[in-house]
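# Observations on the model geometry
Chain by chain, the residues:
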Amino acid sequence: MMHMPPSPRDVVAHLTPDIWTAVNTRLVVKSIAEFSHELLLRPTLLGTDGKWGHYVLSTDRPSTEYRFRAQLLELDHWLIDDRSVQKSIDGRPAPLDAVAFIVELCAELKIPSHVLPGYLEEIASTLSSAAYKRWKGGPTATALTQASFQEVEAAMTEGHPTFVANNARLGFNAVDYRAYAPEAAEPVHLHWLAAHKRRAEFACVDDLTYDELLRQELDPMTLELFATKIRQGGGDPAFYVLIPVHPWQWENRIAQLFAADIAGGDVVHLGCGEDAYQAQQSIRTFYNVSRPDRRYVKTALSIVNMGFTRGLSASLAQSGAAINQWVAELVKSDAYLRGTGFTLLREVAFVGYRHRYYERANRRRNDPHKEMLAALWRENPTACVGDGERLMTMAALMHLDHGGKSVMKSLVDLSGVSTEVWVRDYLRCYLHPLLHCFYAYNLVFTPHCENVILVLSGHRPVRTIMKDIAEDIGVLNPERALPERVKRLALRVPEDVMTLSIFTDSFDCVFRFVAAILYEHLGCEGKDFWRWVADSVAEYQSAQPELAQRFARYDLFAPTFARNCLNRLQLKNNRMMVDLEAEDPVDSLQFVGTLDNPIAQWARRATSTASGFGHETI
Amino acid sequence: MKRFDEARATDAETYGAKNAAVSDVYRTDVIGLGRFSLLPLRLPDDIPTIHAWVNDERARFWGMEGKTTDQVACAYAEILLHADVFLGFHEDRAAFLLERYSPLHDAIGKHYAVLPGDLGMHVLVAPSEQRISGFTRGVFAVVTEFLFCDPTVGRIVVEPDIRNRKIHALNHWVGFRYDKVVELPNKTAHLAFCTRAQHAAALRRESAAESNGVGEVEYAAVGHPDRETWTRVNAALVRKAIAELAHERLLIPEREAGSGPWAFFTLVADDAALKYQFRARVLSLNHWDIHPSSIVKTRRGDREELDAAEFILEFNQRLGIDASMLSTYLEEISSTLYAAAYKRARQEWTAADLVHAGFQEIECAMSEGHPAFVANGGRVGFDAADYSVYAPEAGAPLRLVWLAAHRNHAEFNAVDGLSYDRLLREELGQDEVQAFETELRDQGVEPQDYVLMPVHPWQWFNKLALTFAPDIAARDLICLGWGADTYRAQQSIRTFFNVSHPRKRYVKTALSVLNMGFMRGLSAEYMRVTPAINQWIDELLKADPYIEAKRFGILREVAAVGYRQRHFEAALPKGNPYRKMLAALWRESPVPHLKAGEQLMTMAALLHRDREGRALLPQLIAASGVGTDLWLDGYLDSYLSPLVHCFYRYDLAFMPHGENVILVLENDVPVRAFLKDIAEEAVVMNAAAIVPARAERLCVDIPGSIQSLCIFTDVFDGIFRFVAQILDEQGGYPEENFWRRVAACLLSYQREHPELRERFERHDLFVPEFLHSCLNRLQLANNEQMIDLTDPAKNLQFAGTLPNPVAPFREMPSSPVQGRDSRK
């Protein structure tokens, strides 16, 4: 009953000068590194000092420049020494300020004037979020190796490794932030609505029914209470489906914009559920902390974060369950994949409510106004954890604690095996299933860190679990017609773009950072890491001789591949960075030149190395 | 059970009661705070305790300061004759005092109509060394729950001293709604009520807030519109949409049948199967008076419900809202409906009640918003909880957040003679200024390097705390917390009236929500010159004998402060909404300017209708007893004459819409008017006019041919069109009589100012027709940035011309004017 109103001062308690200096330094370093990686900025080399190069970066303003030392690793990865970065204005030192950095370089960064203010707001929010995490503190890298699945989830600080403005959550206010941001790790009670079937659609996989789902996800008393509330409003529960809703969404979108539906009895607000949930890194996916055996819930949340409004399309209910079922069966029936232990977290049930006005106001399927009221239930990985196994988001591999210590290093140390053995384990768990899905089925996931759950045993990776299926997977240029109900998965892309599903998503967005951490924290040279990657690819390929033709056609040992620039997308349009409904979505991607493929040099020796390596690890 | 006995024993021991048999009447556990119980007050045993409490400095509003033990004992002996008094315990400690009484037998009962089931309450919380977070709230929750345990109690009444700010916040929190200010024998007090439903809603809100870990979430208080309310507000908005869009000739209804003024019309949607049919008449200025219950929507003959958002979709081929804007426009429509439903559910005042309501009661009873804009109630950015806390129609008292802004980026300006120190002393009081300055010193900065400024709580939590994080971290902005005074939002949303001290100034703050086509920011650039512009106009008007005779005046924006965010200033062009996120101004209150017998009323009230559709204006005229002619003459002379004079004499135009004008009434007749919203809206329509350098922004080049639109569009079309309809419809006063009165006012003015004859001819207000400038067309074309404020003439949307309703009276003999003169 007692809860004080928000204190205006408390919500900015984390904005102290010391913390601010630290987070600005980090974000300026990341901005220089990632924008240079995307060739938006071109620092000038002044001289070298051993491995380090000394660089100067001039800005749109002749008086302002940045100097720093850096090493250029594989894939044009800029490893910048944080402490070396110095900004000067008219020759005098100036403090590092990430918002000012964007302002000073907005012409170079080609940010359109209508995007600029929103992008600056996103940078400020990202800084604020980083400051909050630092202020709140968090477990050390060592502690994280022992922490629970959800403790690790909440301790992640970096967000997406390549996006500079990756933590904006435009739409959250300062109170919302502390209630709903994953890093705040506050328990969240979802609201439940009953939605009339004339506008709401529910679908689930074949091994589940609506009634079973509800019985598994809600207590009998809650279900009875909800049914009573529907009856009190004059409705018959049989004509309604239940939808869990994010509290923010209810207050900010549903209560007002669905007022017609509420007044007409098509939507009935039932109140909060009993269970406490914890927001996952992706913000709108929730883990049930009251009942860890229950499923994840993913809800629509119409805030802008990293290039999109994070709604959930009501139309997913039409195809989501079928897609999950199809993919899960595919994975399960493939002997090779079974052997890797690779599994999916199926999204087993979907519910969506079609808005009476916005469905007609706009022909775009993914218009944010059509993605305001929908939810899905995803399988919980805790059920498939064996004895001695632990779960950990793959994002932990890139995580540095507040003292700058690496979780990956702690894991390797504790595992008792060499870095090489550990990394080869990891690659087998993560990369092999991706390669097989791609080569055998043209099936691609979005295998970034927060979508992958590592299963560890003795602190070594033993297998991976993939999530985010219905919205994020695709079948590139399918050679056989897909079944009708999953037709939506077919993506027509130019032939030469196909391998980017590995090159961009895994090499550039995951391995590039893993390599940097291995180099900085585990003293592992880049060429070693990339050789292990090459070996891993070769190992997979030699195990699948019948796909040899495809390996040649989609050559992962090609000398170069297209440089696919993610920040450029967001800088161009921070609210919808990729038009998923364009005639050709690839068209809206930003390719700028090429990157040298770090495993190309092992192309010829691939087979022999792979077999040698195979002996070593068996 | 065991615990109960123990508790009683402990109470008795601690408290030294002689009669341990006295049992508590109520006990409850509060999560996080512990056990509370209530026992009847015992005389004389309890008096020493009470005596210590009432003499504590913090009990100054209890009114027993300085009394001896015997005097306190006598006072309670008397109080007990007509009230129940309880001593409240927290755990083992006596912690508060509760008086429960019947308002019927109390002074407060003379100030309102007491209902059966009303119960009065006084609560005194004991001073305590140990501060427990949320303790006082706990006491209030316990006490109100206890009082509502009695099923005959329907409503609790309180009358806190208006200066007792802490209590106001608590009362609001526990569900009280503030009604009006009353003069009681020993204090000036707010009268406030809490019904059983409000109380339940407030506590539900709290429990929801707790479970979600957020602060103020008021689901129940906002309520969800019920079907009937929703149907009605949709019907009303469809009616307005047809009327105003037909007025702007975006829609052309076809006349079907009928010979008199009233006829049946049909409007066919983009899909020809869909028809709207209704009964209407067309008044002057192409004003569509649609019979409220006559609208019938059919699809191939089958009747369908009226739905305002559907209506927009159905006609959008003609309305031409761009696909990129349509969803946002629909959001504004939804938000307008939501606001209308909220107002309708809360609208307790009838038109007749409002005639004698206070200035601020009328202000928050206004339900229509802008009379011409269809999507006028949208506050895109407010969530449901914000709505019940910040919307003017919620009438909720609220406090502002105060910031200290470093003078490197913040600038304070005021009219001559008003220093920063004096303003702060007058607005905050010496104590609060000192407290804020001490806080700044504690944080290691020098107060003189900073300017204190109030901000809207929404702006703080939603924008500044996030987007201005760099400034906060750099100590360029320091949050000082809540201010002490309680304010009430005015119709314009971001202007606040000080209800703690009605003579203090209004505060207007930046509020970055989207409403009626604009992001409602406030620009630091504008703030720089705001006081100078106000001062110049005020001096100009005060020196003018005609204006002085009309006693017309502006409410000066006397001081302003603007903060320039360095990144946005560097990166964004002038006028960008991001450069308008942190600024405030102080505007004079009209209250100190009132004479005995004068009453204030927003001019918007003249267009107001209550939930049954009854208009206030005819009731007001009836109450005045002077008849419509004389009443209108008083009104026109207060409002129109000064505007016409400013236009002809100085090329000076304002934005004289309903909420910007405050009428001063004497015996219910307007005798003069105050105009507000000066610096942002006033223009001198002559780029070559000589004004002081700081006021230069006022001067704008506007083509001579459209200058008179400042009267035609803003006054005739914007206000009088609706006044004429109301009088015709409900005042038994034909519209031509109204326009004749307007013409008489203009002619009388012209006669009194022969020296301006050339101007009258050049900008002839009796021309047969004038250009029809259309507001909805502007909003439909771009609902995020309707017009370019820096060039007001550039983006007007014209739709042909309108016949001038005063044109027929150009040659009118002077007799009607005599009527008004004779009244004087």
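### Topic: the side chain of Gln490 of chain B
- Note on placement: Gln490 of chain B falls in the loop between β19 (487–489) and β20 (495–498).
- Ignoring sequence-local partners within four residues, the contact set of Gln490 of chain B consists of Gln360, Glu363, Pro392, Thr495, Phe496, Phe497 and Tyr506 of chain B.

### Some points on the domain arrangement of chain B
- Considered domain by domain, chain B is made up of domain 1 (4–222), domain 2 (227–359), domain 3 (397–592) and domain 4 (602–768 + 804–809).
- For domain 2 of chain B and domain 3 of chain B, the distance between their C-alpha centroids amounts to 38 Å.

### Some thoughts on the pairing of strand β10 (residues 263–268) of chain B
All names here are of chain B.
- Here strand β9 (residues 254–257) pairs with β10 via three bridges, running antiparallel. From the neighbouring strand, Ala257 faces β10, where its bridge partner is Phe264.
- If you look at the hairpin formed by β9 and β10, you'll find five residues sitting between the two strands, and Gly258 has a positive phi there, around 115 degrees.
- The hairpin formed by β10 and strand β11 (residues 274–283) contains five residues between the paired strands.

### Considerations on the pattern of salt bridges
- Under the criterion given, the structure shown has 86 salt bridges over all chains.
- Residue Asp81 of chain A pairs with Arg69 of chain A through a salt bridge whose shortest N-O separation is 3.0 Å. Here Asp81 of chain A, found in the loop between β4 (77–80) and β5 (86–89), pairs with Arg69 of chain A, found in strand β3 (residues 64–73); they are 12 residues apart in sequence, far enough to count as distant.
- The exposure class assigned to Asp81 of chain A is buried, which follows from its relative accessible area of 12%.
- A salt bridge links Arg587 of chain B to Glu557 of chain B; its shortest N-O distance comes to 3.5 Å. Here Glu557 of chain B lies in strand β25 (residues 557–563) and Arg587 of chain B lies in strand β26 (residues 583–587), a separation of 30 residues in the sequence. One exposure class covers both Arg587 of chain B and Glu557 of chain B, and it is buried.

### A closer look at the confidence of the model for chain B
All names here are of chain B.
- With 90% of its residues at a pLDDT of 70 or more, chain B has an overall mean of 86.
- Counting interchain partners and residues more than four positions distant, the pLDDT-below-50 stretch residues 1–21 has 31 contacts.
- Contacts from residues 815–824, a stretch scored under 50 in pLDDT, to residues over four places away or in other chains number 19 contacts.
- Under the prediction, the complex receives an ipTM of 0.91, its pTM being 0.82.

### Section: the sheet that holds strand β7 (residues 191–196) of chain A
Residues and elements named next belong to chain A.
- Taken in spatial order, the three strands of this open sheet run β9-β7-β10, and their pairing is antiparallel. The open sheet has two edge strands, β9 (240–245) and β10 (267–272), and neither has a second partner. Each strand axis lies, on average, 25 degrees off the axis of its neighbour in the sheet, ignoring direction.
- In this sheet, β9 lies alongside β7 in antiparallel orientation, the contact comprising six bridges. Bridge assignment links His191 to a residue of β9, and that residue is Val245.

### As for the interface of chain B and chain A
- Residue-level contacts link 67 residues of chain B with 60 residues of chain A.
- Both faces combined, the contact of chain B with chain A buries some 5,800 Å², and carbon together with sulfur accounts for 62% of it.
- Counting every contact that joins chain B to chain A gives five salt bridges.
- When the shortest N-O distance is used, the salt bridge between Arg9 of chain A and Glu439 of chain B registers 2.6 Å.
- Here the side of chain B that touches chain A takes nine residues from helix α11 (residues 323–346) of chain B, the largest share from any one element.
- Here the side of chain B that touches chain A is built from residues that sort into 35 nonpolar, 18 polar and 14 charged.

### Looking at the packing of aromatic side chains
- All chains considered together, the criterion is met by 72 aromatic pairs over all chains.
- Ring centres of Phe311 of chain B and Phe315 of chain B lie 4.5 Å apart, and the angle between their planes is 35 degrees; this geometry places the pair in the tilted category. The pair formed by Phe311 of chain B and Phe315 of chain B is uniform in burial state, with each residue classed as buried.
- With a centroid separation of 5.1 Å and an interplanar angle of 70 degrees, the aromatic rings of Phe412 of chain B and Tyr420 of chain B are classed as edge-to-face. With respect to burial, Phe412 of chain B and Tyr420 of chain B carry one shared label: buried.
- Ring pairs connect the aromatic residues Trp422, Tyr426, Tyr430, Phe503, Phe507, Phe511, Phe529, Trp530 and Phe561 of chain A, which therefore count as one cluster.

### Overview of the sheet that holds β20 of chain B
Residue and element names in this part refer to chain B.
- Strand order across the open sheet formed by six strands is β16-β25-β26-β21-β20-β19, with antiparallel pairing between neighbours. Among the strands making up the open sheet, the edge pair consists of β16 (410–414) and β19. Strand after strand, the sheet turns through a mean of 20 degrees between neighbouring axes, direction not considered.
- Sheet topology places β16 next to β25; five bridges connect them, and they run antiparallel.

### Details of the packing of helix α22 (residues 616–624) of chain B against helix α25 (residues 709–730) of chain B
Residues and elements named next belong to chain B.
- The geometry of α22 relative to α25 is characterised by a closest axis approach of 9 Å and an angle of 70 degrees between their N-to-C directions. On the basis of the axis angle, α22 is roughly perpendicular to α25. The two elements α22 and α25 cross, and the hand of that crossing is right-handed. Contact residues: Leu617, Pro618 and Ile621 in α22; Val723, Ile726, Leu727 and Gln730 in α25.
- The residue makeup of the contact of α22 with α25, split by class, is six nonpolar, one polar and no charged.

### Brief notes about the nonpolar core
- In terms of nonpolar packing, the biggest core is built from 113 residues, with Leu242 of chain A together with Phe311 and Ile333 of chain B touching the most fellow members.
- The element best represented in this core is α11 of chain B, accounting for 10 residues.
- If we skip the residues at most four places from it in the chain, Leu242 of chain A touches Trp192, Leu193, Ala194, Tyr210, Leu214, Leu218, Leu223, Phe226, Ile230, Leu270, Val351 and Trp377 of chain A.
- With 104 residues, the next largest nonpolar core counts Trp20 and Val23 of chain A together with Ala469 and Met581 of chain B among its residues.

### Some points on the pairing of strand β21 (residues 506–509) of chain B
Residues and elements named next belong to chain B.
- Burial along β21 is two-sided: the face carrying Tyr506 and Lys508 and the face carrying Val507 and Thr509 are both buried.
- The pairing of β20 with β21 spans two bridges and is classified as antiparallel. By the bridge assignment, Phe496 is partnered in β21 with Val507.
- With four bridges joining them, β21 and β26 adopt antiparallel strand pairing. Residue pairing in the sheet places Lys508 in a bridge with Leu585 of β26.

### A short note on helix α3 (residues 116–136) of chain A
Residue and element names in this part refer to chain A.
- The terminal C-alpha atoms of α3 lie 30 Å apart, and with 21 residues this matches the ideal 30 Å at 1.5 Å per residue to within 8%.
- Here α3 lies mainly inside the structure; 17 of its 21 residues are buried.
- Downstream of α3 by one or two residues, Gly137 has phi in the positive range, about 75 degrees.

### Points about unusual backbone geometry
Residue and element names in this part refer to chain B.
- The step from Leu43 to Pro44 runs through a cis peptide bond, and the omega angle for that step is 0 degrees.
- Summarising the element assignment, Pro44 is placed in the loop between β2 (34–40) and α2 (47–54).
- Positive phi is not limited to glycine here, since Arg475 has a value of about 65 degrees.
- Looking at the element boundaries, Arg475 is found in the loop between α18 (469–473) and β18 (477–482).
- A positive phi is found at Arg551, a non-glycine position, where the angle reads about 55 degrees.
- Looking at where Arg551 falls in the secondary structure, it is placed in the loop between α20 (545–550) and β24 (553–554).
- Exposure remark for Arg551: the relative accessible area of 32% places this residue in the partly exposed category.

The rules behind each value
- Here the residue numbers are simple positions, counted from 1 along each chain's written sequence.
- Key to labels: chains lettered from A, ligands numbered from 1, both in the order written.
- Local features in this predicted model are restricted to residues of pLDDT 70 or higher, and side-chain atom pairs are both shown and tallied only at a pLDDT of 80 or more, whereas totals for entire chains, interfaces and linings draw on every residue.
- Calculation of side-chain values draws on the structure's entire complement of heavy atoms; hydrogens and water are dropped beforehand.
- Helix and strand assignments follow DSSP, with helices taken as H or I runs no shorter than four residues and strands as E runs no shorter than two, numbered in order from the N terminus.
- The contact criterion used is simple: two residues touch if any of their non-hydrogen atoms lie within 4.5 Å.
- Where each domain begins and ends is defined by an automated method or by a domain database.
- A pair of strands is labelled paired if DSSP reports no fewer than 2 bridges between them.
- Salt bridge, as applied in this entry: a Lys or Arg side-chain nitrogen positioned within 4 Å of an Asp or Glu carboxyl oxygen.
- The classification of residues rests on relative accessible area computed with a 1.4 Å probe and restricted to protein chains. Under 20% of the type maximum is buried, over 50% is exposed, and intermediate values are partly exposed.
- Values of pLDDT, ranging from 0 to 100, describe the predictor's confidence in every residue of the model.
- A fitted line through C-alpha atoms represents every axis, and for helices the fit uses only the stretch in contact; the resulting angles, taken between N-to-C directions, go from 0 to 180 degrees.
- By buried area we mean how much accessible surface two parts lose on assembly, using a 1.4 Å probe and totalling the loss over both.
- Just so you know the grouping, Ala, Val, Leu, Ile, Met, Phe, Trp, Tyr, Cys and Pro go in nonpolar, Asp, Glu, Lys and Arg go in charged, and all remaining residues, Gly too, go in polar.
- Aromatic rings from Phe, Tyr and Trp, taking only the six-membered ring of Trp, are treated as a pair when their centres fall within 6.5 Å; an angle between ring planes under 30 degrees marks them as stacked, one over 60 as edge-to-face, and anything in between as tilted.
- Should an angle fall under 35 degrees it is taken as roughly parallel, and over 145 as roughly antiparallel, whereas 65 to 115 is taken as roughly perpendicular and any remaining angle as oblique.
- Throughout, a crossing is termed right-handed when the near helix is turned clockwise from the far one, and left-handed when it is turned anticlockwise from it by less than a right angle.
- Nine residue types can take part in a nonpolar core, namely buried Ala, Val, Leu, Ile, Met, Phe, Trp, Tyr and Cys, and a core is a set of them joined through side-chain atoms within 4.5 Å.
- How far a helix is expected to stretch is found by multiplying one less than its residue total by 1.5 Å.

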